[in-house]
Amino acid sequence: MKVKVATKILEANDRIAAENRKIFDGAGVFVVNLMSGPGAGKTSLLERTLAAKGGLRVGVVEGDIAGSDDAERIEKYGAPVVQINTGGACHLDANMISDVLGDLPLDELDVLFIENVGNLVCPAEFKVGEDMKVMLLSVAEGHDKPLKYPLMFQESAALILNKIDLLPYTDVDVGKIRKDAQSLNPGLRIFEVSCRTGAGIDEWVAWLGREAEKS
Amino acid sequence: MHEVSIAANLIEIVSEQCRKGGYLRIESINLKLGRASGIMPDALLFAFDAMKTDSPARDAVLMVEEVPVSGRCGGCGGTFTVQEEYVLHCPLCGGGSFQIVGGRELDIVDMEVSE
Ligand SMILES: Nc1nc2c(ncn2[C@@H]2O[C@H](COP(=O)(O)OP(=O)(O)O)[C@@H](O)[C@H]2O)c(=O)[nH]1
Ligand SMILES: [Mg+2]
Ligand SMILES: [Zn+2]
Ligand SMILES: [Zn+2]
């Protein structure tokens, strides 16, 4: 006998993400799901953002397969931080975020960053309750990445092109990255930054502040 | 990349539906899988077969229908389907104001059960 199921496999995750979102909205905190391949500079961007601040009260959730190095880096800036270890899972999901909500002073925050597991594929598929997704790509990763990993570029509100201090040492075509990324996602904001020199950070922090205010 | 967790979710959803309906076994499951879903059919089939053993789906065959990426163009009003995982411009008129309408599916359609 045939039985209709008509269910999205990720429905349970989407439901929990919506519940998280409600809690974040209730506390008035703007949530950014920060994604990239391993080593593109997510934690470095958070360190720069925390140093610049621009009057924002920022908290951080660190997602890693193992270890607490990133959380320790963030703690030095005096920001509330929670470390999640996924124990092998290649992305954060809504349930993992739901489990740590009680460990964060949400009412005292303007912005909460969720640093996802380093991976250019799956983090884009799982909502965690964020207001927006932001991705990083370091120029050292090459200009073929938008077309090889289109989903993350399509889902993100902003692309941070990091490590521009390395441009003289690479043959990367930044124009191609911009063109392909914007063809995939015409609304995409692109920031060229260096977390090493601090170039472009002010512009990013100012934009973040405006987005957080809007919501 | 995470076909194992997708297979686990899939088995959980169909097993619950099976029990709720009072059926004994699941014979087959029809799945729609978008080409831009990030899930590889072969890896999903492998994970499903490895994980189904202790469930009502232990003998079930997973049938995967791959769904290509498709879109609707705001410029020329046409609809289109592409072979790639992405669309950079409308293949009909070359314009950039299109909407993706299909290709992200990860949906269970129906299943064949027995009592
Ligand atoms: N040259 C250069 N190195 C950077 C820059 N940003 C980050 N890094 C380095 O890249 C490595 C990975 O950075 P990290 O922030 O840990 O990346 P994550 O894995 O995405 O969190 C570290 O050694 C950083 O010092 C940059 O703008 N320029
Ligand atoms: Mg990190
Ligand atoms: Zn994953
Ligand atoms: Zn067209």
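For the structure itself, look to the data block above.
Report follows, based on the coordinates. (Residues numbered from 1 in each chain as written. Chains lettered and ligands numbered in written order. Predicted model: local features only at pLDDT ≥ 70, side-chain atom pairs only at ≥ 80, totals over all residues. Heavy atoms only, no water.)

## A closer look at the pattern of salt bridges
For side chains of opposite charge, pairing can occur when their charged atoms come near one another.
Thinking step 1. Scanning the model with the defined rule gives 20 salt bridges over all chains in all.
Thinking step 2. A salt bridge links aspartate 107 of chain B to lysine 8 of chain A, with the shortest nitrogen-to-oxygen separation between them at 3.6 Å. Of the two residues, aspartate 107 of chain B sits in strand β6 (residues 106-114) while lysine 8 of chain A sits in strand β1 (residues 2-8), which places them in two different chains.
Thinking step 3. Relative accessible area serves as the criterion here: at 18%, aspartate 107 of chain B is assigned to the buried category.
Thinking step 4. Assessed through its relative accessible area of 45%, lysine 8 of chain A is described here as partly exposed.
Thinking step 5. Between lysine 133 of chain A and glutamate 155 of chain A there is a salt bridge, with the nearest N and O atoms lying 3.6 Å from each other. Of this pair, lysine 133 of chain A sits in strand β6 (residues 132-138) while glutamate 155 of chain A sits in helix α6 (residues 150-155), placing them 22 residues apart in sequence.
Thinking step 6. Overlapping salt bridges, with partners in common, bring together Glu130, Lys133 and Glu155 of chain A together with Arg104 of chain B in one network. (Salt bridge = Lys/Arg side-chain N within 4 Å of Asp/Glu carboxyl O. Helix = DSSP H or I, 4+ residues; strand = E, 2+ residues; numbered from the N terminus. Buried < 20%, exposed > 50% of the residue type's maximum accessible area, 1.4 Å probe, protein only.)

## Considering the layout of surface pockets
If a probe the size of a water molecule is rolled over the atoms, the empty space left behind becomes visible.
Thinking step 1. As a volume, the largest pocket reaches approximately 500 Å³.
Thinking step 2. If you trace the largest pocket, you find 20 residues lining it, with Ile9 and Ala12 of chain A together with Asn9, Glu12 and Ile13 of chain B closest to the centre.
Thinking step 3. Where the lining of the largest pocket is concerned, the elements lending two or more residues are β1 and α1 (11-27) of chain A together with α1 (3-20) of chain B.
Thinking step 4. Residue composition of the lining of the largest pocket, by class: six nonpolar, seven polar and seven charged.
Thinking step 5. Roughly 370 Å³ of volume is contained in the second largest pocket.
Thinking step 6. Lining the second largest pocket are 22 residues, with Val121 of chain A together with Arg35, Gly38, Ile39 and Glu85 of chain B positioned closest to its centre.
Thinking step 7. Of the residues in the lining of the second largest pocket, the class split is 12 nonpolar, four polar and six charged. (1 Å grid on protein atoms, 1.4 Å probe; cavity = no way out; pocket = protein on both sides within 12 Å on 5 of 7 lines; lining within 4 Å. Points joined across faces, edges and corners; volume = space filled by probe spheres on them. Nonpolar A, V, L, I, M, F, W, Y, C, P; charged D, E, K, R; others polar.)

## A look at the sheet that holds strand β2 (residues 30-35) of chain A
All names here are of chain A.
Thinking step 1. With parallel pairing, seven strands are arranged side by side in an open sheet as β4-β3-β5-β2-β6-β7-β8. Edge positions in the open sheet fall to β4 (81-85) and β8 (189-192), since each of these has one partner strand only. Strand after strand, the sheet turns through a mean of 20° between neighbouring axes, direction not considered.
Thinking step 2. As judged from the five bridges shared by β2 and strand β5 (residues 111-115), these two strands associate in the parallel manner. Paired with valine 32 across the strands is phenylalanine 113, a residue of β5.
Thinking step 3. Here helix α8 (residues 201-214) sits on the sheet in contact with β2, β5, β6, β7 (158-162) and β8, set at roughly 150° to β8. (Pairing = 2+ DSSP bridges. Axes fitted to C-alpha atoms, helices over the stretch in contact; angles between N-to-C directions. Contact = heavy atoms within 4.5 Å.)

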